[in-house]
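Next come the chains, spelled out residue by residue.
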Amino acid sequence: GENVEQHPSTLSVQEGDSAVIKCTYSDSASNYFPWYKQELGKRPQLIIDIRSNVGEKKDQRIAVTLNKTAKHFSLHITETQPEDSAVYFCAASSHGGNNRLAFGKGNQVVVIP
Amino acid sequence: DVKVTQSSRYLVKRTGEKVFLECVQDMDHENMFWYRQDPGLGLRLIYFSYDVKMKEKGDIPEGYSVSREKKERFSLILESASTNQTSMYLCASSLGDRGNEQFFGPGTRLTVL
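Remember, predicted model here, so these are calculated numbers, not experimental data. (Residues numbered from 1 in each chain as written. Chains lettered and ligands numbered in written order. Predicted model: local features only at pLDDT ≥ 70, side-chain atom pairs only at ≥ 80, totals over all residues. Heavy atoms only, no water.)

(A) Just the overall build of chain B, in detail. Helices and strands together make up the secondary structure of chain B, namely zero helices and 11 strands. Listed N to C, the secondary structure of chain B is β-β-β-β-β-β-β-β-β-β-β in terms of helices and strands. For 113 residues, the compact-globule estimate of 2.2 N^0.38 gives 13 Å, and chain B sits close to it at 13 Å. In terms of its C-alpha atoms, chain B occupies a principal-axis envelope of roughly 40 × 30 × 25 Å. If you take every contact in chain B between residues at least 6 apart in sequence, the share linking residues at least 24 apart comes to 56%. When the accessible surface of chain B is totalled, it reaches about 5,400 Å², and 49% of it is carbon and sulfur. Across chain B, the 16 positively charged side chains and the 16 negatively charged ones have centroids separated by 6 Å. (Helix = DSSP H or I, 4+ residues; strand = E, 2+ residues; numbered from the N terminus. Rg over C-alpha atoms; globule rule 2.2 N^0.38 Å. Contact = heavy atoms within 4.5 Å. Areas by Shrake-Rupley, 256 points an atom, 1.4 Å probe, with all protein chains shown as cover. Lys, Arg positive; Asp, Glu negative; His and termini not counted. Charge placed at Lys NZ, Arg CZ, Asp CG, Glu CD.)

Here you go:
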């Protein structure tokens, strides 16, 4: 099955700086790559996703890039703010057509005011 | 607005007890999922269901079973709870096709004594 690895496990950034989280996946058949944000004590929520026919997608201060050849995708957060502090999970669509996802282990982002 | 609810936010059970965790979604989603979240291990899929009475094992099904008798409800059952099943349990739902957002419930923090 699909295996998703996420690095680094913890990232501290100064407010206003950029943060980048990288994920790698193993199954070249995966074609959907979402990112979820989980604030402390809350449920994970989708913040951005990308499909394999697109190389980059932006939504205000966040962007995701995909390199299918190297089988990795990255989340970019620009002009970080304290409310960006959270755990971020990447995922990749697994085998089959039932929207099963394989999640990475999560990345704790701490934005220092 | 999609709403996924779970029967309990916190639950304390004793070793050997049979435990039922309930999840309900109100958006007529075909897929429902049960995950377990542990620090440093991310979101691990226990079971999922893509239709009423249909189920598939995830990555860590041992010690768990599920039931989906109605489309909106997906139950996770611990036949004989053990201390290593102490964890946060998250339910999610999504439309049927690959590449659709998974909407998460608030989670149930289960402690097995």
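Still more to cover.
(B) Representation of the sheet that holds strand 1 (residues 4–6) of chain B in the model. All names here are of chain B. Strand order across the open sheet formed by four strands is 1-3-8-7, with antiparallel pairing between neighbours. Every other strand in the sheet has two partners, leaving strand 1 and strand 7 (64–70) as the edge strands with one partner each. Averaged over all neighbouring strand pairs, the angle between strand axes comes to 20°, with direction disregarded. (Pairing = 2+ DSSP bridges. Axes fitted to C-alpha atoms, helices over the stretch in contact; angles between N-to-C directions.)

(C) Looking closely at the interface of chain B and chain A. Contacts between chain B and chain A engage 30 residues on the former and 23 residues on the latter. Together, the buried faces of chain B and chain A total about 2,100 Å²; carbon and sulfur atoms form 46% of this surface. Remark: the boundary between chain B and chain A carries one salt bridge. Residue Asp-59 of chain B is joined to Arg-100 of chain A by a salt bridge in which the shortest nitrogen-to-oxygen separation is 2.9 Å. (Buried area = accessible area lost by both parts, 1.4 Å probe. Salt bridge = Lys/Arg side-chain N within 4 Å of Asp/Glu carboxyl O.)

(D) Broad picture of the state of the cysteines. Residue and element names in this part refer to chain A. The full count for this structure, using the stated rule, is two disulfides over all chains. The disulfide that involves Cys-23 links it to Cys-90, with 1.9 Å between the sulfurs. Disulfide Cys-23-Cys-90: torsion about the S-S bond near -95°, hence left-handed. Of this pair, Cys-23 sits in strand 3 (residues 19–25) while Cys-90 sits in strand 9 (residues 86–93), and the two are 67 residues apart along the sequence. (Disulfide = S-S within 2.5 Å.)

(E) Structural context of the packing of aromatic side chains. All names here are of chain A. Taken as a whole and assessed by the stated rule, the structure comprises 12 aromatic pairs over all chains. Consider the rings of Phe-33 and Phe-73, whose centres lie 4.9 Å apart with planes at 50°: the pair is tilted. One end of the pair, Phe-33, is in strand 4 (residues 32–38); the other, Phe-73, is in strand 8 (residues 72–77), and 40 residues separate them in sequence. Of the two residues, Phe-33 and Phe-73, neither departs from the other in class, the shared state being buried. (Phe/Tyr/Trp six-rings, centres within 6.5 Å; stacked < 30°, edge-to-face > 60°. Buried < 20%, exposed > 50% of the residue type's maximum accessible area, 1.4 Å probe, protein only.)

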